[in-house]
Amino acid sequence: MKKNLIYFSLFVFAGLVASCSDDDEKYTPIPPVVSIENTSGTLSVAQEDTLYFKANIESPIESSFQWSVNGKEASTDSILKFTSEEMGKFEIALTAKNADGEHSATTSVEVYGKYKYGTFVLNEGSGSNGTLIFISPKGGITDSIYYKANGSFLGGVSQDLFIANNKMYIVSQNGGGDGFLVIANAETLKKEVGYQDELKTTLSWPTHIAVLGENDIYLRDNNGVSLFNPSSKTVTFIKGTEGARKNRMAVADNKVFASTNSKTIVTIETGKDTISHTIEFDDAISGLIKASDGNLWVSSGKKIMKINAKDYSVMQENEVEPFSSISYLSTPAISAKGDTLYFSGGTTKIYRHVFSKNQTDFMVDARTMVENAGIVYNYLGVNPMTGEVLLNTIKGYGKDYLINNISVFDFSSNEPKLAANYENYTRFPAGIFFTYNFE
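1. Focus: the overall build of the protein
(1) Moving on: In terms of regular secondary structure, the protein is built from three helices and 37 strands.
(2) Moving on: In terms of overall size, the protein is more extended than a compact globule, its C-alpha atoms giving a radius of gyration of 31 Å where 439 residues would be expected to give roughly 22 Å.
(3) Moving on: Expressed along its principal axes, the backbone C-alpha trace of the protein runs to roughly 130 × 55 × 50 Å.
(4) Moving on: Taking the contacts inside the protein whose residues are at least 6 apart along the sequence as the reference set, 49% of them involve residues at least 24 apart.
(5) Moving on: Considering the protein, the positive charge centre built from 39 side chains and the negative charge centre built from 50 side chains are found 3 Å apart.

If you want it as structure tokens, here you go:
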């Protein structure tokens, strides 16, 4: 009986061992589960701006985690603040570990140049070199950005700029500095090349620019419009552009449109040294800009017209009251966001014209909201993304030009609002430019 009891005990022990062994085999390791939450809502960002990412980790046992950027350890905080001074693509990874293993999640971020999107105000300068002001989409303002990017100056009396091929082309009437024409990276404003001697003997006070290709740069001066080819360093006058107005040209349907002899618009095509077509108007032209649908807006006399960029026909014309313009200003008398145009006639009174409805409304007199808004310097501009209207004013001439405003108006509600006002940044502003109009 004792012997049987020993056998029974051994049997029970063996069963317990087998049972424990089965439990060990059934245990399943549970590594952490991780995901990255993008709290900024975008995966692209300008240089020096910040994106925020949150670590989401599920683990039944104690765990640790690590952020990394392009394989380099970055942070162990639950929120990653991603900022970069360099452009390019970056891989953000989140790795969590516990006793049972590890798990990672990744996401990609693109960093673009800090000047890729936003608003520029180009200054003629006060008897010296021109300067460039930048207003970011978030409303931050930075002055003298070209100088800060390069340590050198734009030419004197900067008048116009154009963005194409990820380059910014800036033309200056008096040259000097980095030249009559400066070409810079459109995202960083780093200078690529400047042209002084190549243009000095062939052009007379160049003021406006339009670009069709890297070797198709069109410059308006006192003679008319000329083609500059940077590769060959040649300047070719475009016959038929004599008397080109000191005002912006427009690019649409891969052609340059320029206003000449006050009542005429001519078209210029790549590879030709003479104009391709002429459009005649009954009254003096005050504005010529590209429309968001690829056609053209033209203001002539008291009319605003939409012109087909392909066949040059008048798609529609509206007689607008009150509409007046000043011919000597060097920017277009109209600015547009989609079907809605704004104008001020060179005064502080801002009007809105909804073209499809042929409806014109008085919006505000800037003097009622902006202190020292004495003189409007060149025409207003409308942000084609937000619809906000920008107006440059100075208190007066003499030393009073130093007292000035870049005023931003919001007309999205029944009551006009002064969304922002930047004081004493300009030095005779030659124009307002939105990057979105060059896309």
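There's more to say after this.
2. Here's the deal with the environment of Ser-128
(1) Moving on: Structurally, the position occupied by Ser-128 is in the loop between strand 9 (119–123) and strand 10 (131–135).
(2) Moving on: Residues Ser-128 and Ile-183, 55 residues apart in the sequence, show an inter-C-alpha distance of 20 Å.
(3) Moving on: In contact with Ser-128, other than residues within four places in its own chain, are Gly-156 and Val-157.

3. Considerations on the sheet that holds strand 16 (residues 208–213)
(1) Moving on: Ordered in space as 16-17-18-19, the four strands form an open sheet in which the pairing is antiparallel. Of all strands in the sheet, those with a lone pairing partner are strand 16 and strand 19 (234–237), marking the two edges. Going from strand to strand, the sheet's axes swing by 25 degrees on average, the running direction of each strand aside.
(2) Moving on: For strand 18 (residues 225–229) and strand 19, the ladder comprises four bridges, and the chain directions are antiparallel. Bridge pairing in strand 19 links Leu-227 to Thr-236.

4. Details of the packing of aromatic side chains
(1) Moving on: A full pass over the atoms with the stated rule returns 17 aromatic pairs.
(2) Moving on: Considering the side-chain rings of Phe-120 and Phe-134, the 5.2 Å spacing of their centres and the 50 degrees angle between planes classify their relative orientation as tilted. Taken together, the residues Phe-120 in strand 9 and Phe-134 in strand 10 connect sequence positions 14 residues apart.
(3) Moving on: Accessibility expressed as a relative area gives 0% for Phe-120, which makes it buried.
(4) Moving on: Counting every residue linked through ring pairs, the aromatic cluster contains Phe-323, Phe-343, Tyr-351 and Phe-362.

5. Topic: the nonpolar core
(1) Moving on: Counting 28 residues, the largest nonpolar core has Leu-181, Ile-209 and Ile-217 as its most contacted members.
(2) Moving on: Elements supplying a minimum of two residues to this core: strand 12 (156–164), strand 13 (167–175), strand 14 (181–185), strand 16, strand 17 (216–220), strand 18, strand 21 (255–260) and strand 22 (264–268).
(3) Moving on: Per element, the largest residue contribution to this core is four residues, and it comes from strand 16.
(4) Moving on: Beyond its immediate stretch of four places on either side in the chain, Leu-181 contacts Tyr-169, Ile-170, Val-193, Gly-194, Tyr-195, Leu-199, Ile-209, Ile-217 and Phe-228.
(5) Moving on: Phe-120, Tyr-146, Met-168 and Ile-170 belong to the second largest nonpolar core, which has 18 residues in total.

6. Here we look at the pattern of salt bridges
(1) Moving on: What the rule picks out here adds up to 12 salt bridges.
(2) Moving on: Between Glu-192 and Lys-167 there is a salt bridge, with its nearest N and O atoms 2.8 Å apart. Of this pair, Glu-192 sits in strand 15 (residues 191–195) while Lys-167 is found in strand 13, placing the two residues 25 residues apart along the sequence.
(3) Moving on: Accessibility expressed as a relative area gives 42% for Glu-192, which makes it partly exposed.

7. Topic: the side chain of Ser-407
(1) Moving on: Inspection of the secondary structure puts Ser-407 in strand 35 (residues 404–410).
(2) Moving on: A relative accessible area of 2% places Ser-407 in the buried class.
(3) Moving on: Within the structure, the side chain of Ser-407 is placed 2.6 Å from the side chain of Asn-421, a separation counted as a polar contact.
(4) Moving on: Contacts of Ser-407, omitting those with residues within four sequence positions, involve Val-370, Val-389, Leu-390, Leu-391, Leu-418, Ala-420 and Asn-421.

8. Describing the sheet that holds strand 5 (residues 72–75)
(1) Moving on: If you walk across this open sheet you meet the five strands as 2-8-7-4-5, and the pairing is mixed. Strand pairing shows two members of the sheet lacking a second neighbour, strand 2 (44–46) and strand 5, which therefore form its edges. Each strand of the sheet is rotated relative to its neighbour by a mean of 35 degrees, with strand direction disregarded.
(2) Moving on: Pairing of strand 4 (residues 63–69) with strand 7 (residues 88–98) involves seven bridges; the strand directions are antiparallel. Bridging from a neighbouring strand, Ser-63 pairs with Asn-98 of strand 7.

9. As for unusual backbone geometry
(1) Moving on: Of note, the bond from Glu-321 into Pro-322 is cis; its omega dihedral lies within 30 degrees of zero at -10 degrees.
(2) Moving on: By the secondary structure assignment, Pro-322 is in the loop between strand 27 (314–319) and strand 28 (335–337).
(3) Moving on: Of note in this structure, Asp-253 is not a glycine but carries a positive phi near 50 degrees.
(4) Moving on: Assignment of secondary structure puts Asp-253 in the loop between strand 20 (250–252) and strand 21.

10. Let's talk about the environment of Val-121
(1) Moving on: Residue placement: Val-121 occurs in strand 9.
(2) Moving on: When its relative accessible area of 0% is taken as the criterion, Val-121 is described as buried.
(3) Moving on: In this structure the C-alpha to C-alpha distance between Val-121 and Leu-390, which are 269 residues apart in sequence, comes to 10.0 Å.
(4) Moving on: Apart from the residues within four sequence positions on either side, Val-121 is in contact with Thr-131, Leu-132, Ile-133, Asn-392, Ile-406, Thr-426, Pro-429, Gly-431 and Ile-432.

What counts and what doesn't
- Residues numbered from 1 in each chain as written.
- Predicted model: local features only at pLDDT ≥ 70, side-chain atom pairs only at ≥ 80, totals over all residues.
- Heavy atoms only, no water.
- Helix = DSSP H or I, 4+ residues; strand = E, 2+ residues; numbered from the N terminus.
- Rg over C-alpha atoms; globule rule 2.2 N^0.38 Å.
- Contact = heavy atoms within 4.5 Å.
- Lys, Arg positive; Asp, Glu negative; His and termini not counted.
- Charge placed at Lys NZ, Arg CZ, Asp CG, Glu CD.
- Pairing = 2+ DSSP bridges.
- Axes fitted to C-alpha atoms, helices over the stretch in contact; angles between N-to-C directions.
- Phe/Tyr/Trp six-rings, centres within 6.5 Å; stacked < 30°, edge-to-face > 60°.
- Buried < 20%, exposed > 50% of the residue type's maximum accessible area, 1.4 Å probe, protein only.
- Core = buried A, V, L, I, M, F, W, Y, C linked by side-chain atoms within 4.5 Å.
- Salt bridge = Lys/Arg side-chain N within 4 Å of Asp/Glu carboxyl O.
- Polar contact = N/O pair within 3.5 Å; in protein donor to acceptor, adjacent residues only side chain to side chain.

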